[in-house]
Amino acid sequence: MTPEHDARAAEDAPPYRFTHAGATVVVEETGSGDRTFVLVHGIGMGRRVFGDLTDVLRAHGRVIAIDQPGYGAAPEPVRTLTMERTADLLAAFLRYRRPPGIVLVGHSMGTQVVTEITARHPDLAEGIVLVAPTVDIEARSAARQLGRLARDLAVESPVVLVKGAQEYLHAGPNLRRKMHAMLAHRPEDAYGRIDAPALVLRGENDYVSPRGWCETVVALLRDGRLAEVAGHGHETMIRDPRPAAEHILEFSDGL
């Protein structure tokens, strides 16, 4: 199927849609340069939660922020996508758009999509950043994930709570099916197929993505390293993205 698109080549492009195989993403681009940071959000979120991170990264390259199907401004697909199908959709977009020097940055569930993009389409990214990767194999149930998230949010700032609530309202009526797709995916089966350098990044107080699980992720990757952001939790890139951005930029400079 020929993709439907309205892609623009402007340095700061207004949001546009890209459709492939019956599913649509909304894309917003800003900045310029030979390095491209592609931001992939977690469950219940959308590209707008990356606004402050984008402001930092755009001084160092292009930034492409994406609403996955059924999130943010992107329409609900007829059927909820698996992580693998979402990865293939984003890979189709990146092949169409052909931005230079891609670094894929996924947060939470977005790390599962980034993992599958890189494992299934190894030629696309020069490096990947897995921020607060999910799903910890010791907590692969909705109840345990929600319990950990509630514990994490209990100490988060009002900014995080407000932004998160707004985005969850945009996630639509199918959030339960989306949670099932996230929990059914086994990222540990894909980590070993990734050749690209990978940075695993977590907040030191992250209950959703504990240090032991992140160490397991690093061990499964062929070229992985771990970094922590002091004093932050699961939503480290939302509350104050500057420490996370420093790690991302240091990693990308070394590619």
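Residues numbered from 1 in each chain as written. Predicted model: local features only at pLDDT ≥ 70, side-chain atom pairs only at ≥ 80, totals over all residues. Heavy atoms only, no water.

Caption draft 1: Up close: the overall build of the protein. Helix and strand counts for the protein stand at ten helices and nine strands. In the protein, buried positions account for 55% of the 255 residues. Contacts in the protein between residues far apart in sequence, at least 24 positions, make up 74% of those at least 6 positions apart. Of the accessible surface of the protein, which amounts to about 10,700 Å², a share of 51% is contributed by carbon and sulfur atoms. (Helix = DSSP H or I, 4+ residues; strand = E, 2+ residues; numbered from the N terminus. Buried < 20%, exposed > 50% of the residue type's maximum accessible area, 1.4 Å probe, protein only. Contact = heavy atoms within 4.5 Å. Areas by Shrake-Rupley, 256 points an atom, 1.4 Å probe, with all protein chains shown as cover.)

Caption draft 2: Quick look at empty space enclosed by the protein. This model, assessed by the stated rule, comprises two cavities of 30 Å³ or more. Put simply, the largest cavity is a space of about 120 Å³. Lining the largest cavity we find Gln68, Pro69, Tyr71, Glu76, Pro77, Thr80, Leu81, Met83, Thr86, Met109, Lys178 and Ala181. Secondary structure elements with two or more residues in the lining of the largest cavity: helix H2 (83–97) and helix H6 (175–184). Residue composition of the lining of the largest cavity, by class: seven nonpolar, three polar and two charged. Looking at the second largest cavity, the residues that line it are His41, Gly42, Met45, Val49, Phe50, His107, Glu235, Met237 and Ile238. Of the residues contributing to the lining of the second largest cavity, the split by class is five nonpolar, three polar and one charged. (1 Å grid on protein atoms, 1.4 Å probe; cavity = no way out; pocket = protein on both sides within 12 Å on 5 of 7 lines; lining within 4 Å. Points joined across faces, edges and corners; volume = space filled by probe spheres on them. Nonpolar A, V, L, I, M, F, W, Y, C, P; charged D, E, K, R; others polar.)

Caption draft 3: Structural view of the environment of Leu226. With respect to the helices and strands, the residue Leu226 is situated in strand E9 (residues 224–229). Judged by relative accessible area, Leu226 falls into the partly exposed class, the value being 27%. Separated by eleven residues in the primary sequence, Leu226 and Glu215 have C-alpha atoms spaced 7.2 Å apart. When neighbours within four sequence positions are excluded, Leu226 is seen to be in contact with Val200, Arg202, Arg211, Cys214, Glu215 and Val218.

Caption draft 4: Up close: the pattern of salt bridges. All told, the structure shown has 15 salt bridges when counted by the stated rule. Among the ionic pairs, Lys178 bridges to Glu76, the shortest N-O distance being 2.8 Å. Of this pair, Lys178 sits in helix H6 while Glu76 is found in the loop between strand E5 (62–67) and H2, placing the two residues 102 residues apart along the sequence. The partner of Asp88 in a salt bridge is Arg120, and the shortest N-O contact between them spans 2.8 Å. Of this pair, Asp88 sits in helix H2 while Arg120 sits in helix H3 (residues 109–120), and the two are 32 residues apart along the sequence. On the accessibility criterion, Asp88 (26% relative accessible area) is partly exposed. Because the salt bridges share partners, they merge into one network encompassing Arg202, Arg211, Glu215 and Glu228. (Salt bridge = Lys/Arg side-chain N within 4 Å of Asp/Glu carboxyl O.)

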